[in-house]
Amino acid sequence: MNKSHYNNMKIFAGNSHPELAKSIAGILGMKLGDCKVGTFSDGEIFVETNETVRGCDVFIIQSTNNPVNNNLMELLIMIDAFKRASAGRINAVIPYYGYARQDRKAKSRDPITAKLVADILTTAGADRVLTMDLHAAQIQGYFNIPLDHLLGMPIIADYFIKKGFMENEDIVVVSPDLGSVTRARKLAERIHAPMAIIDKRRPKANVSEIMNIIGDVRDKVCILVDDMIDTAGTITNAANALKDLGAKNVYAACTHGVFSGPAIERINSSAIEELVCLDTIAKPDRMDMEKFTYLSVAPLFGEAIKRIKDDVPLSKLFD
């Protein structure tokens, strides 16, 4: 890396995932910028930047997970602070993009909050967004600024290939619902495995009911694949249904481990043998996480940031 070329690049982090930000900066041979993000006594967020950013390529690393609104406001205020400090280009690096599930009007008078957040980020002063595995691919079109959309599936596929799941006739990749079929197919293609699909009905929000399974899972090792796991109702119901239908073992994989509410308890008491997720969201500080395997996205984001800085294509990162 040409050090002089990177003199006008700076990396800052909000409070959502400082460990990931440090890892990304370390991969680039840099330190995080000197910036304090805190709150006043009434809960208002303040930003203090103790170094110049004038004319710099600034990268702000901040996932917008729980507490979603606090983390989003931190990101917006940091963008505004750097814009007013005459930063050359402001890049919002959002490993997990919150509000992505509100991407359309599912019923009358629903907001499309994913589009609202895109507009707010742009208005605040972001020049580019770098994110991973949006809940709905069309969210890329909600932005009027460049958006680079990284894929977590190659990282997950590499992990299972190293476990010996490549071209293994006992392996089946399972989509837990119709919305994850494309994601499951990509993993199945990478490890050369067949697919099965679970057709489910969701009576109300955060409650899922398993209906039937399309495909052969008896005496198979199943890998359930989803983009995110929130309350874990869908993934654990799917895992238990697979086991009831004669699956030998059940693994699960996701990009974003939201794990809200009873998620961890549900996973620990389910038929899932191991859950593999990426560290776009910080790992919960708990002792009962033996089933959970975290894989780092820092090398991928580090390479993407380097390519953005060098003005070279990111398409190689999708291979």
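Residues numbered from 1 in each chain as written. Predicted model: local features only at pLDDT ≥ 70, side-chain atom pairs only at ≥ 80, totals over all residues. Heavy atoms only, no water.

Naming follows an unreviewed UniProt entry, where the protein appears as Ribose-phosphate pyrophosphokinase of Youngiibacter fragilis 232.1. In the Subunit (unreviewed entry) part of its UniProt record, the protein is described as follows: "Homohexamer." Quoted verbatim from the Function (unreviewed entry) field of the UniProt record, the comment on the protein reads "Involved in the biosynthesis of the central metabolite phospho-alpha-D-ribosyl-1-pyrophosphate (PRPP) via the transfer of pyrophosphoryl group from ATP to 1-hydroxyl of ribose-5-phosphate (Rib-5-P)." (UniProt positions renumbered as here; feature names shortened; annotations may be inferred.)

A. Geometry of the overall build of the protein. In terms of regular secondary structure, the protein is built from eight helices and 14 strands. Here the C-alpha atoms of the protein give a radius of gyration of 20 Å, agreeing with the 20 Å that 2.2 N^0.38 yields for 319 residues. Expressed along its principal axes, the backbone C-alpha trace of the protein runs to roughly 60 × 45 × 40 Å. Contacts spanning at least 24 positions in sequence make up 64% of the contacts within the protein whose residues lie at least 6 apart. Roughly 14600 Å² of accessible area belongs to the protein as shown, and the carbon and sulfur atoms make up 49% of that amount. Within the protein, one finds 38 positive and 40 negative side-chain charges whose respective centroids are separated by 3 Å. (Helix = DSSP H or I, 4+ residues; strand = E, 2+ residues; numbered from the N terminus. Rg over C-alpha atoms; globule rule 2.2 N^0.38 Å. Contact = heavy atoms within 4.5 Å. Areas by Shrake-Rupley, 256 points an atom, 1.4 Å probe, with all protein chains shown as cover. Lys, Arg positive; Asp, Glu negative; His and termini not counted. Charge placed at Lys NZ, Arg CZ, Asp CG, Glu CD.)

B. Expanded view of the nonpolar core. In this structure, Leu-130, Leu-150, Phe-160 and Ile-223 are the most contacted members of the largest nonpolar core, which totals 47 residues. When residues of this core are sorted by domain, at least three fall in each of domain 1 (8-150 + 298-317) and domain 2 (153-288). Grouped together as the second largest cluster of nonpolar side chains are 35 residues, Cys-35, Val-58, Ile-79 and Ala-100 included. (Core = buried A, V, L, I, M, F, W, Y, C linked by side-chain atoms within 4.5 Å. Buried < 20%, exposed > 50% of the residue type's maximum accessible area, 1.4 Å probe, protein only. Domains from an automatic or database assignment.)

C. Seen up close, the packing of helix H4 (residues 153-162) against helix H5 (residues 181-191). Relative orientation of the contacting elements H4 and H5 amounts to 40°, with a least axis distance of 10 Å. In terms of their interaxial angle, H4 and H5 are classed as oblique. Crossing of H4 against H5: the hand is right-handed. Contacts from Met-153, Pro-154, Ala-157 and Ile-161 in H4 reach Arg-183, Lys-186, Leu-187, Arg-190 and Ile-191 in H5. (Axes fitted to C-alpha atoms, helices over the stretch in contact; angles between N-to-C directions. Parallel < 35°, antiparallel > 145°, perpendicular 65-115°, else oblique. Left-handed = near helix turned anticlockwise from the far one by under 90°.)

D. Geometry of the UniProt feature "binding site: Mg(2+)" (unreviewed entry) in the protein. Look at the UniProt record and you will see "binding site: Mg(2+)" (unreviewed entry) annotated at His-135 and Asp-177. Look at the named residues: they lie 43 residues apart in sequence, but the longest C-alpha span between them is just 13.4 Å, so in the fold they bunch up. Note that His-135 resides in the loop between strand E6 (128-132) and strand E7 (147-150). For His-135, a relative accessible area of 32% corresponds to the partly exposed category.

E. Here's a closer look at the domain arrangement of the protein. Per the domain assignment, the segments of the protein are domain 1 (8-150 + 298-317) and domain 2 (153-288). Taken over C-alpha atoms, the centre of domain 1 sits 28 Å from the centre of domain 2. At the interface, 13 residues of domain 1 touch 14 residues of domain 2. At the boundary of domain 1 with domain 2, total buried surface from both sides reaches about 1200 Å², with 56% on carbon and sulfur atoms. It is Tyr-96, Arg-101 and Asp-133 in domain 1 that bury the most area against domain 2; as a group they hold 41% of the surface buried on that side. (Buried area = accessible area lost by both parts, 1.4 Å probe.)

F. Expanded view of helix H8 (residues 298-310). Spanning 13 residues, H8 covers 18 Å between terminal C-alpha atoms, matching the ideal 18 Å at 1.5 Å per step. Of the residues making up H8, those classed as buried are Ala-298, Leu-300, Phe-301, Gly-302, Ala-304, Ile-305, Arg-307, Ile-308 and Lys-309. Directly after H8, the chain includes Asp-311, whose backbone phi takes a positive value near 55°. (Expected span 1.5 Å × (residues − 1).)

G. The arrangement of the sheet that holds strand E1 (residues 9-13) in detail. Read from one edge to the other, the open sheet built from five strands follows the order E1-E4-E5-E6-E7, with strand pairing classed as parallel. Edge positions in the sheet fall to E1 and E7, since each has one partner strand and no second. Here the strands of the sheet are splayed against their neighbours by 15° on average, with no regard to which way each runs. The sheet contact formed by E6 and E7 spans four bridges and is parallel. When the sheet's bridge partners are listed, Thr-131 is paired in E7 with His-149. Relative to E6, H8 is tilted by about 155°, and along the sheet it contacts E1, strand E4 (57-61), strand E5 (89-94), E6 and E7. (Pairing = 2+ DSSP bridges.)

H. Here's a closer look at the environment of Leu-134. Of note, Leu-134 is situated in the loop between E6 and E7. Since its relative accessible area comes to 5%, Leu-134 is described here as buried. Each residue touching Leu-134, except ones within four places of it in the same chain, is listed here: Tyr-97, Ile-139, Gln-140, Leu-147, His-149, Arg-183 and Asp-227.

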